[in-house]
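Descriptive analysis of the structure
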Amino acid sequence: MSKVKSFAGGTHPPGNKGLSCGAAVVRLPAPEVVTVPLCQHLGAPSKPVVKPGDEVTKGSVIGEQNGFISLPTHSPVNGKVLRIENVPMPHMRSGPAVVIKTESEDGENVYEPIADWKNTEIPLLVSRIKEAGICGMGGASFPTYVKLSPPPGVKIDTLIINGVECEPYLTADHRLMLEKADDLITGMNILAHVLGVSDPCIGIEVNKPDAIELLEKKGARVVRLKVQYPQGAEKQLIDAAVGRQVPAGALPLNVGVVVQNVGTCVAVADAVCKGMPSIRRITTVSGLGVNKPGNFDVCVGTPVSTLIEAAGGYKEDVKRLIGGGPMMGMALFTDGVPVTKGTSGILAMASKEVRDTAEGPCIKCGKCVDVCPLNLLPCTIATASEYEKWEDAEKAGALNCMACGTCSYVCPSGRYLVHYIKRAQNEVRALIRAREA
Ligand code: SF4
Ligand code: SF4
């Protein structure tokens, strides 16, 4: 058995995964109306290529790629376009979406499956991954094909598949590893083939022994990781799994590494071997605010309210609704938002799960500094932000913060550190733009 590895810093919030980790994935039918956002990926939203009244088929393109960091968007159903409008989104205030009346979900593959991918030219495989609209399904939603297209001169020698799922409550990746292990391994092997990497590995925290055992039995190389937040953040995962440090401001590819989520691997296998674009995902619905937490396979564009219903509906005491995990997720002000490719979970949190105390003054205890996995000074950046000293925030490295929430979690004064730091990031970016103008 391999050694259990980890990174420096971080914290140990209660996992609360027992609420849903035993619940097998339930496939939900498409709702009567799907609201498919055109900005489910990081980068430029796709450009709509349909109009109200158009008939669309499952997997057809409804939004075309609109730049290098962008992706096409596909219809998850056969149906008719009702309208194109701005809707509230889980990861931003609002964004454009194509609203489609569902007629059916019939239909198999959209593209010709590439069964012999091992003997297929690499550009064709990358092109398939791009046309299928695949982005990182761990939550970051970065277009996958871009990570597979390193600039000239950059050599990738390591592929790490991220099966960590370190956010409390979330169990969608855990279930996916158990229920779609073969597709996951196929997707990993396709990605390794594309990158020219001979020995990819899957990083998994040791709180998922069944997934580790299954994947090892099927021949995958698993790196066992300590249960420690944020073990699944790219830089921390690379440090823990292969002992390489990604410098501030640099990317994993600068140290020869590509990281892809386990859900992304399954999406790649679906696109290449089954000819299906990225139109569904597995997501967790959990928290003490729902009656029956579980894991669901849903098409993108499904309203969060449908997922909540599938999880037995709300209990009376729901204090907060979150898209994603409790550490890095975003509070949702309505359950009318649609599921996107990046929706790793929906949490309905009861009062006792939510820290709701007033913010106190910084007592200079240094705890936030001890835990920051990027060795930043969260209290210094936050104070600079509070007093609108943007240059000080910049000098303290505000832009390097990945908003993991570890500092806020440990702060005994309940300081809204991430909130202050995110504000500083916006202001520092504006400052830099003004300087360069
Ligand atoms: S943990 Fe909170 S109280 Fe302690 S130094 Fe950091 S910001 Fe201040
Ligand atoms: S400063 Fe940023 S990276 Fe460091 S612990 Fe806080 S949120 Fe995480």
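Treat the numbers as computed from the prediction; the structure is a model and nothing was measured.

**Looking at the pairing of strand 10 (residues 201–205)**
Here strand 10 lies mainly inside the structure; five of its five residues are buried. Every second residue of strand 10 is oriented toward a common face, with Cys201, Gly203 and Glu205 on one face and Ile202 and Ile204 on the other, all of them buried. Bridge count between strand 9 (residues 158–162) and strand 10: three bridges; the pairing is parallel. The residue bridging Asn162 from the neighbouring strand is Gly203, located in strand 10.

**Overview of the site of ligand 1**
Around ligand 1 sit 13 residues in total, of which Cys362, Cys365, Cys368, Cys379 and Cys411 are the nearest. When the residues that make up the shell around ligand 1 are grouped by side-chain class, the tally is eight nonpolar, two polar and three charged.

**Quick look at the nonpolar core**
Counting 100 residues, the largest nonpolar core has Ile160, Leu191, Cys265, Val268 and Leu307 as the members making the most contacts within it. For this core, the domains that each give at least three residues are domain 1 (29–110 + 277–353) and domain 2 (112–273). Look past the residues within four positions of Ile160 in its chain and what remains in contact with it is Cys201, Gly203, Leu237, Ile238, Ala241, Val242, Val257 and Val259. With 21 residues, the next largest nonpolar core counts Cys379, Ala384, Ala393 and Tyr420 among its residues.

**As for the sheet that holds strand 17 (residues 345–349)**
An order of 1-14-13-17-15-16 is seen for the six strands of this open sheet, with the pairing classed as mixed. Every interior strand has two partners, whereas the edge strands, strand 1 (26–27) and strand 16 (330–331), have only one. Against the sheet, helix 3 (residues 172–179) touches strand 13 (280–286), strand 14 (294–299) and strand 17, its axis set at about 130 degrees to strand 13.

**Concerning helix 13 (residues 417–436)**
For helix 13, which comprises 20 residues, the first-to-last C-alpha distance of 28 Å matches the rise-based estimate of 28 Å (1.5 Å per residue) to within 8%. When we look at burial in helix 13, the residues that qualify are Leu417, Val418, Tyr420, Ile421, Ala424, Gln425 and Val428. For helix 13, the arc enclosing every buried residue in end-on projection is 145 degrees, short of the 170-degree limit, so these residues lie on one face. Exposed side of helix 13, more than 90 degrees from the buried face: Asn426, Ala430, Arg433 and Ala434 are the residues found there. Residues of helix 13 that are buried in the fold lie against helix 9 (367–371), helix 10 (378–386), helix 11 (390–395) and helix 12 (406–410).

**Thoughts on the pairing of strand 8 (residues 94–104)**
Examined bridge by bridge, strand 2 (residues 33–37) and strand 8 share five bridges and lie antiparallel to one another. Paired with Thr35 across the strands is Val99, a residue of strand 8. Where strand 7 (residues 78–88) meets strand 8, 10 bridges bridge the pair, whose relative direction is antiparallel. Looking across to strand 8, one finds that Lys80 is bridged to Lys101.

**A short note on the domain arrangement of the chain**
Each assigned domain of the chain is listed here: domain 1 (29–110 + 277–353), domain 2 (112–273) and domain 3 (367–436). Each of domain 1 and domain 2 was reduced to a C-alpha centroid, and the two centroids are 23 Å apart. Each side of the interface is counted separately: domain 1 has 30 residues, and domain 2 has 26 residues. Looking at side-chain class alone, the side of domain 1 that touches domain 2 contains 10 nonpolar, 18 polar and two charged residues.

Rules used in this analysis
Residues numbered from 1 in each chain as written. Chains lettered and ligands numbered in written order. Predicted model: local features only at pLDDT ≥ 70, side-chain atom pairs only at ≥ 80, totals over all residues. Buried ≥ 20, exposed ≤ 12 C-beta atoms within 10 Å, placed from the backbone. Helix = DSSP H or I, 4+ residues; strand = E, 2+ residues; numbered from the N terminus. Pairing = 2+ DSSP bridges. Near = placed C-beta within 6 Å. Nonpolar A, V, L, I, M, F, W, Y, C, P; charged D, E, K, R; others polar. Core = buried A, V, L, I, M, F, W, Y, C linked by C-beta atoms within 7 Å. Domains from an automatic or database assignment. Contact = placed C-beta atoms within 7 Å. Axes fitted to C-alpha atoms, helices over the stretch in contact; angles between N-to-C directions. Expected span 1.5 Å × (residues − 1). Arc of directions from axis to C-beta.

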